[in-house]
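# Working through the structure, step by step
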Amino acid sequence: MILIVDDKKENILSLESLLALHSFPVDTALSGEQALKKILKNNYALIILDVQMPGMDGFEVAETISGYSKVKDVPIIFLSAANTDKKFIAKGYSSGAIDYITKPIDPDILLLKVNTLYKLYEQKRKVNEMQVKLQSEVEFRKKAQYETNEKANELKSILESIPQIAFTTAKNGELEYHNSQWLNYTNGDSKHLLTHPDDPSLNEELKKMAARKQPLEMEIRLRKKTDEKYRYYLLRVLPVKENGSVIKWVGSFTEIEEQKQAIKRKDEFISMASHELKTPLTSIQGYIQLLERMVNDESLRPYIDRTIVQIKKLDTLVNDLLDISKIESGKLKLNMKNFNFGKMLEDTTAMMQETFPDHRIEHSGNANVIVYGDEGRLEQVIINFLSNAIKYAPSSTLIRIETKIEENDLLVKVIDSGVGIPKEELSHVFEKFYRTEDSSKRFQGLGIGLYICADILSRHDCRYGVESDPGKGSTFYFNIPL
Ligand code: ADP
């Protein structure tokens, strides 16, 4: 808005109508004093100020407002009677934009000057606004930076206080900070830990993790600079997120050498014990078969038959334990050949049906297809699924096998109506030694059958899994590629 200050009403009117004609919003004051009041109250883009006024004249008004920071930059056009007033004008109002027009007023010149000063003021106002915005942005960033530094310092103190080796990386996986524990595992070059030459490169793994944007967990061997031997550590790296995106990673190494040694001793024990058990068991099997053929007394036959069944159970157990050791040492060999899956399934089902006459095993669907795999091991998987279905469904007698030849694979399902598996335990049943809480109390077992099945199936590139409705039954399945 433009403020016109003149003691003569007729002058104001003519200026007002001229400016209104060019769409400038206008306000008026009839004296210097009135003008000052209005200037302090409202925001003006330009003041047109008559120099000669009774009471407070134009110069005095200009001089007064030059002392107010809010209005000192508002441009002024002085209306003066003579050219000689110019030097007073400059003196009175040095900080803002000024101009003058001598009376009688030439409307074109006035408009030209109003336009220029109005624009100038608008531009200045915008620049000021921008400056204020920038200033607050700078303040905001400074504060955020301060808070980030505070958080980083807090994190560093925590990482320094723990006994583990700890570090942080930038979001691209590049090492940023490590605690003092870290230095015990380096030789001069603090960026590189002394990792075992056969283990993957730590820096590479961190970069891959950052690219994947997934937490990292791996076992890695490290050596203290004062030690000769490498020891096992569990490396865990988790993302630190802000507004949902990763800003850095925090990692730690925890020594697990003791656990590794205990697991090794347990594996060695299982391997040794199963081998030790296997030799006498094989002899017992041989002798009982001999006995079976030699015994003529029919009254003894049921006892021999029951002994054979128990020996078979023991044999399966010992074989499972042997398989576990073979899997651990990478020695479970597969004898891969083409074979007819349907034929194998039929024979296996018949054999199981004979062993468990109280249950009914029904097969539906097509499985008559040539598969490339280890026939004996896949048969072992089916026997395992079926024995579990029988064991964990004590009050139902029907076990169903469903097979389906799909475009690129053969789907095999073993369905029971047994106790089922709680949802939260489903993902664990293929783990080594895992037994569900309920079944470990009610049923006998070691929790290794499904672990062996999982190893065999994954080595055949099969997808496998289980679906279950607790209390209603379970479906164990696998898809074997054709
Ligand atoms: P085991 O039967 O000797 O315990 P497995 O490795 O064969 O070991 O099975 C692991 C666990 O999975 C079992 O302890 C049981 O809790 C669960 N499970 C396996 N099969 C079934 C099934 N058909 N129904 C319900 N639970 C099952």
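In this text, all values refer to a predicted model and were calculated from it rather than measured experimentally.

## Side note on the sheet that holds strand β15 (residues 409-415)
The strand order β12-β14-β15-β17-β16 describes an open sheet built from five strands, whose pairing is mixed. Pairing within the sheet leaves two strands with one partner each, and these edge strands are β12 (360-365) and β16 (463-469). Taken over all neighbouring pairs, the strand axes of this sheet differ in orientation by 15 degrees on average, direction set aside. Note that strand β14 (residues 398-405) and β15 share six bridges and pair antiparallel. Across the sheet, residue R400 finds its bridge partner in β15, namely I415. Along the sheet face, helix α10 (residues 375-391) touches β12, β14, β15 and β17 (473-481) and points at about 170 degrees away from the line of β17.

## As for the pairing of β17
In terms of residue burial, β17 counts as a mostly covered element, since seven of its nine residues are buried. Two elements, β15 and β17, share seven bridges in a ladder whose sense is antiparallel. From the neighbouring strand, L410 faces β17, where its bridge partner is I480. Alignment of β16 against β17, held across seven bridges, turns out to be antiparallel. If you follow S468 over to β17, its bridge partner there is S474.

## Thoughts on the sheet that holds strand β2 (residues 26-29)
Reading across the sheet, the five strands line up as β2-β1-β3-β4-β5 and stay open at both edges, with parallel pairing between neighbours. Edge positions in the open sheet fall to β2 and β5 (98-102), since each of these has one partner strand only. Each adjacent strand pair in this sheet contributes to an overall mean axis angle of 20 degrees, direction not counted. Here strand β1 (residues 2-5) runs beside strand β3 (residues 46-50); their pairing, made up of four bridges, is parallel. Looking at β3, one finds that L3 is bridged to I47.

## Focus on the site of the ligand
What surrounds the ligand is a group of 21 residues, the closest being N388, Y392, R435, S439 and L450. One nitrogen or oxygen atom from the main chain of L450 is found 2.8 Å from an oxygen atom belonging to the ligand. Alone, the ligand offers 530 Å² of accessible surface; in the complex the protein occludes 97% of this. When atoms are counted within 2 Å of each cavity's grid points, the one that captures over half of the ligand is the largest pocket.

## Some words on helix α2 (residues 32-41)
Every buried residue of α2 is accounted for by G32, A35, L36 and I39. Along α2, the residues classed as buried sweep out an arc of 100 degrees about the axis, all on the same side. In α2, the exposed positions angled more than 90 degrees off the buried face are occupied by K37 and K41. Residues of α2 that are buried make contact with β1, β2, β3 and α3 (58-65).

## Structural notes on the pattern of salt bridges
All chains considered together, the criterion is met by 25 salt bridges. In this structure, the salt-bridge partner of E147 is K143, at a minimum N-O distance of 3.9 Å. Here E147 and its partner K143 are both found in helix α5 (residues 107-161), four residues apart, which amounts to about one turn of the helix. Using a relative accessible area of 42% as the deciding quantity, one classes E147 as partly exposed. Residue K143 is classed as exposed on the basis of its relative accessible area of 54%.

## Quick word on a nonpolar patch on the surface
On the surface, Y287, L290 and M294 cluster together into a nonpolar patch covering about 360 Å² of accessible area. Positionally, Y287 belongs in helix α7 (residues 257-294).

## Some thoughts on the layout of surface pockets
Computed from the structure, the largest pocket encloses a volume of approximately 1,600 Å³. The set of elements that each furnish at least two residues to the lining of the largest pocket consists of α8 (301-328), α9 (341-355), α10, α13 (449-459) and β17. When residues of the lining of the largest pocket are assigned to their parent elements, the largest contribution, 13 residues, is made by α8. Split by residue class, the lining of the largest pocket holds 19 nonpolar, 18 polar and ten charged.

## Thoughts on the environment of T254
Structurally, T254 can be placed in strand β10 (residues 245-255). In this view, T254 contacts Q164, Y232, Y233 and L234; residues no more than four positions away in its chain are not counted.

## Points about the nonpolar core
Membership of the largest hydrophobic core comes to 43 residues, with the highest contact counts inside it found for F341, L378, F385 and F478. Looking at this core, the elements with two or more residues in it are α8, α9, α10, β14, β15, α13 and β17. Among all residues touching L378, those that are not within four sequence positions of it are F339, F341, M344, V371, I456, L457, H460 and I480. Among the nonpolar cores identified, the runner-up in size contains 39 residues, and L15, A62, I65 and I77 belong to it.

## Side note on the environment of I109
With respect to the element layout, I109 can be found in helix α5. Distance in space between the C-alpha atoms of I109 and K213 is 68 Å, their sequence separation being 104 residues.

## Details of the side chain of K248
Mapped onto the elements, K248 comes out in strand β10. A polar atom in the side chain of K248 sits 3.2 Å from the side chain of E176.

## Details of the packing of α8 against α13
Orientation of α8 relative to α13, taken along the N-to-C sense of each, is 45 degrees, at an axis distance of 10 Å. Between α8 and α13, the interaxial angle falls into the category oblique. α13 is crossed by α8, and the crossing has left-handed handedness. Contacts from D320, D323, I324, I327 and E328 of α8 reach α13 at G449, Y451, I452 and D455. Of the residues belonging to the contact of α8 with α13, the class tally is four nonpolar, one polar and four charged.

Parameters and conventions
Residues numbered from 1 in each chain as written. Predicted model: local features only at pLDDT ≥ 70, side-chain atom pairs only at ≥ 80, totals over all residues. Heavy atoms only, no water. Pairing = 2+ DSSP bridges. Helix = DSSP H or I, 4+ residues; strand = E, 2+ residues; numbered from the N terminus. Axes fitted to C-alpha atoms, helices over the stretch in contact; angles between N-to-C directions. Contact = heavy atoms within 4.5 Å. Buried < 20%, exposed > 50% of the residue type's maximum accessible area, 1.4 Å probe, protein only. Near = heavy atom within 4 Å. Polar contact = N/O pair within 3.5 Å; in protein donor to acceptor, adjacent residues only side chain to side chain. Areas by Shrake-Rupley, 256 points an atom, 1.4 Å probe, with all protein chains shown as cover. 1 Å grid on protein atoms, 1.4 Å probe; cavity = no way out; pocket = protein on both sides within 12 Å on 5 of 7 lines; lining within 4 Å. Sits in = over half its atoms within 2 Å of the grid points. Arc of directions from axis to C-beta. Salt bridge = Lys/Arg side-chain N within 4 Å of Asp/Glu carboxyl O. Patch = residues over 30% accessible without salt bridge, like charges linked within 9 Å, V, L, I, M, F, W, Y side chains within 5 Å. Points joined across faces, edges and corners; volume = space filled by probe spheres on them. Nonpolar A, V, L, I, M, F, W, Y, C, P; charged D, E, K, R; others polar. Core = buried A, V, L, I, M, F, W, Y, C linked by side-chain atoms within 4.5 Å. Parallel < 35°, antiparallel > 145°, perpendicular 65-115°, else oblique. Left-handed = near helix turned anticlockwise from the far one by under 90°.

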